Amino acid sequence: MNDGQNDDNSMTDPVRAQYERYPYPPRDPGDEATRLVVGSPSHILEIDHFLFGGSRDFSKPFRALFAGGGTGDATIMLAQQLADINADAEIIYLDISEASRDVARARAKARGLTNIQFVTGSLNDLPALGLGEFDYIDCCGVLHHLEDPLAGLKTLGGALLPHGGMGVMLYAPLGRTGVYHVQAMVRMMSENASDDVKLDIARRTLNSLPPTNWLKRNPFVGDHTGLGDAGIYDLLLHSRDRAYSIMEIAELVAQAELKLVTFLDPLRYEPGIYIQDEELGPRIRAMSGLQRCAFAELLCGNMKTHRFYAVRSDNDQPTVAMLGSPDAVPILRELDGAAMAKEMATNRTMTVELDGIKAGFNLPQMAPAIFMLIDGKRSLKEIHEKIVAAAPDNIAPDWDAFMQQFQQIFMTVNGLGRMYLRCPA
Ligand SMILES: C[S@@+](CC[C@H](N)C(=O)[O-])C[C@H]1O[C@@H](n2cnc3c(N)ncnc32)[C@H](O)[C@@H]1O
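Here the structure is a predicted model, which is why all the values come from computation and not from measurement. (Residues numbered from 1 in each chain as written. Predicted model: local features only at pLDDT ≥ 70, side-chain atom pairs only at ≥ 80, totals over all residues. Heavy atoms only, no water.)

**Looking at the nonpolar core**
For step 1, the next point in the chain: In this structure, L65, L156, F371 and M419 are the most contacted members of the largest nonpolar core, which totals 74 residues.
For step 2, the next point in the chain: The leading source of residues in this core is helix α16 (residues 399-415), at six residues.
For step 3, the next point in the chain: Both domains that furnish three or more residues to this core are identified here as domain 1 (14-171 + 244-312) and domain 3 (329-422).
For step 4, the next point in the chain: A64, F66, I116 and F118 belong to the second largest nonpolar core, which has 28 residues in total. (Core = buried A, V, L, I, M, F, W, Y, C linked by side-chain atoms within 4.5 Å. Buried < 20%, exposed > 50% of the residue type's maximum accessible area, 1.4 Å probe, protein only. Helix = DSSP H or I, 4+ residues; strand = E, 2+ residues; numbered from the N terminus. Domains from an automatic or database assignment.)

**Brief notes about the side chain of H238**
For step 1, the next point in the chain: With respect to the helices and strands, H238 occurs in the loop between α9 (228-236) and α10 (246-255).
For step 2, the next point in the chain: A polar atom in the side chain of H238 sits 2.9 Å from the side chain of Y19.
For step 3, the next point in the chain: Side-chain polar atoms of H238 contact the side chain of H145, separated by 3.2 Å.
For step 4, the next point in the chain: Once residues lying within four places of it in the same chain are set aside, the contact partners of H238 are V15, Q18, Y19, H145 and Y233. (Polar contact = N/O pair within 3.5 Å; in protein donor to acceptor, adjacent residues only side chain to side chain. Contact = heavy atoms within 4.5 Å.)

**Concerning the domain arrangement of the protein**
Put simply, an interface is often sized by how much accessible area is lost when its parts join up.
For step 1, the next point in the chain: Along its sequence, the protein is carved into domain 1 (14-171 + 244-312), domain 2 (175-236) and domain 3 (329-422).
For step 2, the next point in the chain: With centres defined by C-alpha atoms, the gap from domain 1 to domain 3 works out at 28 Å.
For step 3, the next point in the chain: Counting from both sides, the interface comprises 20 residues of domain 1 and, opposite them, 18 residues of domain 3.
For step 4, the next point in the chain: Summing both partners gives a buried area of about 1600 Å² for domain 1 against domain 3, and 58% of it is carried by carbon and sulfur.
For step 5, the next point in the chain: If you sort the residues of domain 1 by the area they bury against domain 3, L45, H49 and L267 come out on top, with a joint share of 33%.
For step 6, the next point in the chain: At the surface where domain 1 touches domain 3, the tally comes to three salt bridges.
For step 7, the next point in the chain: Run the count over domain 1 and domain 3 and you get 13 residue pairs in polar contact (both at pLDDT 80 or more). (Buried area = accessible area lost by both parts, 1.4 Å probe. Salt bridge = Lys/Arg side-chain N within 4 Å of Asp/Glu carboxyl O.)

**Quick word on unusual backbone geometry**
For step 1, the next point in the chain: With omega at -10°, the peptide bond leading from Y24 into P25 counts as cis.
For step 2, the next point in the chain: For P25, the position within the fold is in the loop between α1 (14-21) and α2 (44-51).
For step 3, the next point in the chain: Of the consecutive residues S40 and P41, the connecting peptide bond is found in the cis state with omega at -5°.
For step 4, the next point in the chain: With respect to the secondary-structure elements, P41 resides in the loop between α1 and α2.
For step 5, the next point in the chain: Look at E257: it is not a glycine, yet its phi comes out positive at around 60°.
For step 6, the next point in the chain: Relative to the helices and strands, E257 resides in the loop between α10 and β6 (258-264).
For step 7, the next point in the chain: For E257, a relative accessible area of 56% corresponds to the exposed category.

**Description of helix α15 (residues 380-390)**
For step 1, the next point in the chain: Every buried residue belonging to α15 is among L380, I383, H384 and I387, and all of these are buried. Each buried residue of α15 lies within a common arc of 100° when the element is viewed along its axis, so the set occupies one face. (Arc of directions from axis to C-beta.)

**Comments concerning the packing of helix α6 (residues 149-158) against α10**
For step 1, the next point in the chain: Relative to each other, α6 and α10 sit at 50°, their axes nearing to 9 Å. Our classification of the angle between α6 and α10 gives oblique. Handedness of the α6/α10 crossing: right-handed. Judged by residue contacts, P149, L150, L153 and K154 of α6 engage L252, V253 and Q255 from α10.
For step 2, the next point in the chain: The residue inventory of the contact of α6 with α10, partitioned by class, reads five nonpolar, one polar and one charged. (Axes fitted to C-alpha atoms, helices over the stretch in contact; angles between N-to-C directions. Parallel < 35°, antiparallel > 145°, perpendicular 65-115°, else oblique. Left-handed = near helix turned anticlockwise from the far one by under 90°. Nonpolar A, V, L, I, M, F, W, Y, C, P; charged D, E, K, R; others polar.)

**Brief notes about the packing of aromatic side chains**
For step 1, the next point in the chain: Per the stated rule, a full pass over the model turns up 12 aromatic pairs.
For step 2, the next point in the chain: Seen from their ring centres, Y93 and F118 are 5.1 Å apart, and the 50° between their planes marks the pair as tilted. Taken as a pair, Y93 in strand β2 (residues 89-95) and F118 in strand β3 (residues 116-120) lie far apart in primary sequence, 25 residues in all.
For step 3, the next point in the chain: The class for Y93 is buried, based on a relative accessible area of 0%.
For step 4, the next point in the chain: Of the residues examined, F118 reaches a relative accessible area of 7% and is grouped as buried. (Phe/Tyr/Trp six-rings, centres within 6.5 Å; stacked < 30°, edge-to-face > 60°.)

**Looking at the pattern of salt bridges**
For step 1, the next point in the chain: In the structure shown here, the tally under the stated rule is 30 salt bridges.
For step 2, the next point in the chain: The salt bridge involving D135 is made with R56; its shortest N-O contact spans 3.2 Å. Within this pair, whereas D135 is found in strand β4 (residues 134-140), its partner R56 is found in the loop between α2 and β1 (62-67), the two being separated by 79 residues in sequence. Side by side, D135 and R56 carry an identical accessibility label, which is buried.
For step 3, the next point in the chain: Taking the shortest distance from any N to any O, the salt bridge between E270 and R292 comes out at 3.0 Å.

**Points about the environment of M188**
For step 1, the next point in the chain: Topologically, M188 is positioned in helix α7 (residues 179-190).
For step 2, the next point in the chain: Residue classification places M188 among the exposed positions, given a relative accessible area of 69%.
For step 3, the next point in the chain: The spatial distance from the C-alpha of M188 to the C-alpha of A254 is 36 Å, given a sequence separation of 66 residues.

**A closer look at the site of the ligand**
For step 1, the next point in the chain: With respect to spatial proximity, 18 residues lie near the ligand, and among them G68, D95, S122, L123 and C140 are the closest.
For step 2, the next point in the chain: Here an oxygen atom of the ligand and a side-chain polar atom of D95 are 2.5 Å apart.
For step 3, the next point in the chain: Contact between the ligand and S122: a nitrogen atom at 3.0 Å from a side-chain N or O atom of the residue.
For step 4, the next point in the chain: Here the ligand, which alone exposes 590 Å², has 92% of that area covered by the protein. (Near = heavy atom within 4 Å. Areas by Shrake-Rupley, 256 points an atom, 1.4 Å probe, with all protein chains shown as cover.)

What follows is the structure, given as structure tokens:
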């Protein structure tokens, strides 16, 4: 283990050489003063909800590993969230690229975060690095660049504590339609060229694409616009890059002796939100959960990545927070409950844009009142009590009627990654 230099093989590894020259995604530590980059997986509420039943006690020791932490987005997010609640947390950032580490470390410094240890090395060498076991491991955008992704995932799985969990992002094939076509063309023209020449060739190729080219026709891939050389290199010049369909992920995860918990955001993987046909509906509902996810991927064609949580296959405990207890506390993420309540006074449809697909979800009559009362502290019982207190006696909803409506809200908003549960232990 070391904090300063890389003692494994070096710049002969083209993937390491790339990330030394073009840390990805490009980030300016100065921006930490004005914003926190928030995403999924690895958001503290999401980890708690999907992996720890909504009842993780963060005052107890919590160890997290960011394997291939890059320029630090997820590391910084979780480190900040854990620092904000004074958690007893130890975060290990691991990456083969020293340049990426320097960016991540500068971001942590800019925020005054002291809960991260920066390690330079390969996740393949994890056992030898002696970093111990983890409650949580993040590995986003990394496995698909390894020579042996399965070996990498197995190594990470081997470092999970028995009830720990993992958040992973892998490229998905259909949403990246066109990327591999352009990669192949650029490769044909730039063998043995320097990085600068390769970048020039990639840019010229992008400028020369006819309107029929699949990348040109794919409006959802934008990494080559706005992220400079690093964006173009990562998308079009990567020396090792493959994409995984849902079924390939299921196989990879099973072979690594892990178990899928959920894809993110779960509702995007439910074909029923896109297809209302009365003949097709029952046939789709008869499929297994995994088949429905695979179906949704084929149906939408717009998924560029798959993000998912997984646990060890020998973990028999339910890990997802469930509705059931009146003491559960609903928490909104990146949503203003009061503002939503106001909007819903005139229109109770929640409309979202899912990479080119506009989807509307009808919310029940009590939704405005419920959203107004969700503050991340009130339990469902307290929210119900307040609704009852505000209603005339003859129309005050009983608990079952309230929960029926809350469940409908929860299925939608949780399914879209905007609501989680905090459950009493
Ligand atoms: C596309 S970046 C993703 C960074 C970060 N996880 C994120 O999502 O923003 C991939 C990162 O994986 C790192 N990486 C590649 N192979 C690795 C390995 N074997 N061990 C550790 N890190 C690796 C690269 O150096 C790079 O920083």
